[in-house]
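Residues per chain, in single letters:
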Amino acid sequence: YGNFIDNLRIYVRGGTGGMGYPRLGGEGGKGGDVWFIARERTTLKSIRERYPQKRFIAGTGANSSVKALKGEKGKDCEVHVPPGISVLCDDGTQIGELNAAGERFLAARGGLGGSLATKFLPCKGQRRIVHLDLKLIADVGLVGFPNAGKSSLLSKISHAKPEIANYAFTTVQPELGKIMYADYKQISVADLPGLIEGAHANKGMGHKFLKHVERTKQLLLVVDISGFQLSVKTRFRTAFETILLLTKELELYKEELLTKPALLAINKMDLPCAQDNLNELMKQLQNPQDFLHLLQEEMIPANTLEFKDIIPISTYTGEGIEELKAHIRKCIDEEAERENEEYRKKKLLLLQTSV
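Attention in this report is confined to the structure presented alongside it. Source: prediction; values computed, not measured. (Residues numbered from 1 in each chain as written. Predicted model: local features only at pLDDT ≥ 70, side-chain atom pairs only at ≥ 80, totals over all residues. Heavy atoms only, no water.)

**Quick notes on the overall build of the chain**
Argument step 1. Per the secondary structure count, the chain includes 6 helices and 14 strands.
Argument step 2. Counting all 355 residues of the chain, 48% fall into the buried class.
Argument step 3. In the chain, the proportion of contacts linking residues at least 24 apart, taken out of those at least 6 apart, comes to 72%.
Argument step 4. On the chain, roughly 18,700 Å² of surface is accessible, and the fraction owed to carbon and sulfur atoms is 52%. (Helix = DSSP H or I, 4+ residues; strand = E, 2+ residues; numbered from the N terminus. Buried < 20%, exposed > 50% of the residue type's maximum accessible area, 1.4 Å probe, protein only. Contact = heavy atoms within 4.5 Å. Areas by Shrake-Rupley, 256 points an atom, 1.4 Å probe, with all protein chains shown as cover.)

**Description of the sheet that holds strand S11 (residues 186-191)**
Argument step 1. Spatially, 6 strands are ordered S10-S11-S9-S12-S13-S14 in an open sheet, and the strand pairing comes out mixed. In this open sheet, the two edge strands, each paired with only one partner strand, are strand S10 (175-180) and strand S14 (307-312). Averaged over all pairs of adjacent strands, the angle between strand axes in this sheet comes to 25 degrees, irrespective of strand direction.
Argument step 2. Inspection of the sheet shows strand S9 (residues 140-143) paired to S11 by 3 bridges, in the parallel sense. Looking at the pairing, Val 140 lines up with Val 189 of S11.
Argument step 3. In the packing of helix H2 (residues 150-157) onto the sheet, the strands contacted are S9, S10, S11 and strand S12 (218-224), and the crossing angle to S11 comes to about 160 degrees. (Pairing = 2+ DSSP bridges. Axes fitted to C-alpha atoms, helices over the stretch in contact; angles between N-to-C directions.)

**Quick word on the pairing of strand S1 (residues 7-13)**
Argument step 1. Both S1 and strand S8 (residues 127-134) contribute to a ladder of 7 bridges, which runs antiparallel. Of the residues in S8, the one forming a bridge with Ile 10 is Val 130.
Argument step 2. Note that S1 and strand S3 (residues 55-57) share 3 bridges and pair parallel. Within S3, the position partnered with Val 12 by the bridge is Phe 56.

**Description of helix H4 (residues 239-253)**
Argument step 1. If you check H4, its first and last C-alpha atoms are 21 Å apart, about what 15 residues at 1.5 Å a residue would give, namely 21 Å.
Argument step 2. Most of H4 sits inside the fold, with 13 of its 15 residues counted as buried. (Expected span 1.5 Å × (residues − 1).)

**Observations regarding the environment of Ser 314**
Argument step 1. On the secondary structure map, Ser 314 appears in the loop between S14 and helix H6 (321-354).
Argument step 2. Residues Ser 314 and Asp 270 lie 44 residues apart in sequence; the distance between their C-alpha atoms is 6.0 Å.
Argument step 3. When near neighbours in sequence (up to four residues on either side) are disregarded, Ser 314 contacts Asn 267, Lys 268, Met 269, Asp 270, Glu 319 and Ile 321.

**Description of the environment of Thr 304**
Argument step 1. Structurally, Thr 304 can be placed in the loop between helix H5 (274-286) and S14.
Argument step 2. Residue classification places Thr 304 among the partly exposed residues on the basis of a relative accessible area of 35%.
Argument step 3. As a C-alpha pair, Thr 304 and Lys 248 span 56 residues in sequence and 8.5 Å in three-dimensional space.

As far as function goes, none of this settles anything; it's purely spatial.
Written out as structure tokens, the structure reads:
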């Protein structure tokens, strides 16, 4: 998975409280807390390099004394993490998430200081092992089988410079790029490692790929018009079969993924016979039920993806690229407007019920 790290296991411990002062009823200071704080330009890799022990322990509370009957609180330990983090217990239970810069999560609470209630003995801080699980947050996620041209497309529409070659699995780690528009609007696009059949069952890059799709606002399926074959040992799949198989993988991993707005980019339109293949594909997509017999029953998705637009492109000649960028923008803007409308309705409802 290259140098990219999207999961980190760390030990956190809140500080121990300070000793109480029995003779004068003094209270020890509370132990410090361990906080995760989301911050831009932070990566899990930088955390691992900076703290190779992966242990984060907050400060001990000050003891009560004649000079200060109420001991001072121990120093908090603050860990900067990238936005898009889910915090999981060792058993896989999610206990929190940080989606935007500035958000905070209390990872381990400090122990209470010694007082009359604790016979003036301090309490130890909370301790646990947690997993920081990163899911990339992007406006658009590129979904497609290896060699469909996702990396080439990302390099055409954004300033990203992913590795590109004519063999499968060039992309071994997620790549992020930004589409820049004339009015300075920016839309982030994530090129995610190529899916293979069986990815939902964690074959290939399986879940490492699919979990990143969860945080994208919309999907952009990229399909090779001439079809796809992973190797000589695997079956050849037409563009139509490829779309159904991609849908099936998303559905088996998490059904909600199919409710995201989706666009379809038909790539490699510069190839001979591409137009004939496209005409055939459009017929199949208009009445998919008539062509489902082409696939084995277990590979047919229960629900089909509803594409807002289907755009033929060629990353080689540049055909359709500008049109695709315009469609991406339109789709994102429509979704934002829909969310705003829902928010306005909720606010209006709250006002009406409070009157």
